[in-house]
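So you can see what is in the structure, the chains are spelled out below.
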Amino acid sequence: MARTLSDRLSEAARVAFVGRETEVRSLHAAIVAPESQFAVAFVRGPGGIGKTFFLDALVDSLPRDFLKIRLDCRDIEPTGHGVLSAVAASMGLDPAQADIETLSRRLSDGSRRGVITFD
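A quick note: this is a predicted structure, and the numbers were derived from the prediction, not measured.

1. Let's talk about the pattern of salt bridges
Next, step 1: Going through the model one piece at a time under the given rule, you end up with four salt bridges.
Next, step 2: One salt bridge connects Glu-23 with Arg-20, and the closest N-O pair in it is separated by 3.0 Å.
Next, step 3: The partly exposed category is assigned to Glu-23, whose relative accessible area is 32%.
Next, step 4: Classification of Arg-20 as partly exposed rests on a relative accessible area of 46%.
Next, step 5: The network of salt bridges with shared partners includes Asp-56, Asp-60 and Arg-70.

What follows is the structure, given as structure tokens:
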């Protein structure tokens, strides 16, 4: 199968990502640990220092069977409903029918672990 432009750009970004491998490995280990060590991790810093590349490297390092939801907050209405709708849409659910109970059940059904990044 031919690689898409997105695949090529992601690969180029991974190759260019340097300097935070220790942090990626540390957070990766915490996420994949058998016993969850946390529910939320914050990655913060000034614009342009590589937070998006860091998150991409982290998510790309996770096992294939993980649910990986990447959300760009520039595209999300800054309300509770907007966040729920964005998560629902990324999971293939009808955003208009998204509510916290439905999403909570789907995200915690135990069939696979996952991570949601808000960039």
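2. Thoughts on the pairing of strand E2 (residues 114-118)
Next, step 1: The alternating pattern of E2 places Val-115 and Thr-117 on a buried face, while none of Gly-114, Ile-116 and Phe-118, on the opposite face, is buried.
Next, step 2: Pairing geometry for strand E1 (residues 67-71) and E2, over five bridges, is parallel. When the bridges of E2 are listed, Leu-67 appears paired with Gly-114.

3. Quick word on helix H3 (residues 51-61)
An α-helix turns once per 3.6 residues; consequently, residues spaced three or four apart project the same way.
Next, step 1: Within H3, the full set of buried residues consists of Phe-54, Leu-55, Ala-57, Leu-58 and Val-59.
Next, step 2: Close packing links the buried residues of H3 with helix H2 (21-32), E1 and E2.

4. A short note on helix H4 (residues 80-90)
Next, step 1: The complete set of buried residues in H4 reads Gly-82, Ser-85, Ala-86, Val-87 and Ala-88.
Next, step 2: Among the structural elements, E1, helix H5 (100-107) and E2 are those in contact with the buried residues of H4.
Next, step 3: In the stretch just after H4, Gly-92 is the one whose phi turns positive, near 80 degrees.

5. Points about the packing of H4 against H5
Next, step 1: Two numbers describe how H4 lies on H5: the axes approach to 10 Å, and their chain directions differ by 40 degrees. If you check the angle between H4 and H5, you find them oblique. When the axes of H4 and H5 are compared, the crossing they make is left-handed. In this structure, H4 uses Leu-84, Val-87 and Ala-88 to contact H5, whose residues at the interface are Ile-100, Leu-103 and Leu-107.
Next, step 2: Here the contact of H4 with H5 is composed, by residue class, of six nonpolar, no polar and no charged.

Thresholds, definitions, all that
Residues numbered from 1 in each chain as written. Predicted model: local features only at pLDDT ≥ 70, side-chain atom pairs only at ≥ 80, totals over all residues. Heavy atoms only, no water. Salt bridge = Lys/Arg side-chain N within 4 Å of Asp/Glu carboxyl O. Buried < 20%, exposed > 50% of the residue type's maximum accessible area, 1.4 Å probe, protein only. Helix = DSSP H or I, 4+ residues; strand = E, 2+ residues; numbered from the N terminus. Pairing = 2+ DSSP bridges. Contact = heavy atoms within 4.5 Å. Axes fitted to C-alpha atoms, helices over the stretch in contact; angles between N-to-C directions. Parallel < 35°, antiparallel > 145°, perpendicular 65-115°, else oblique. Left-handed = near helix turned anticlockwise from the far one by under 90°. Nonpolar A, V, L, I, M, F, W, Y, C, P; charged D, E, K, R; others polar.

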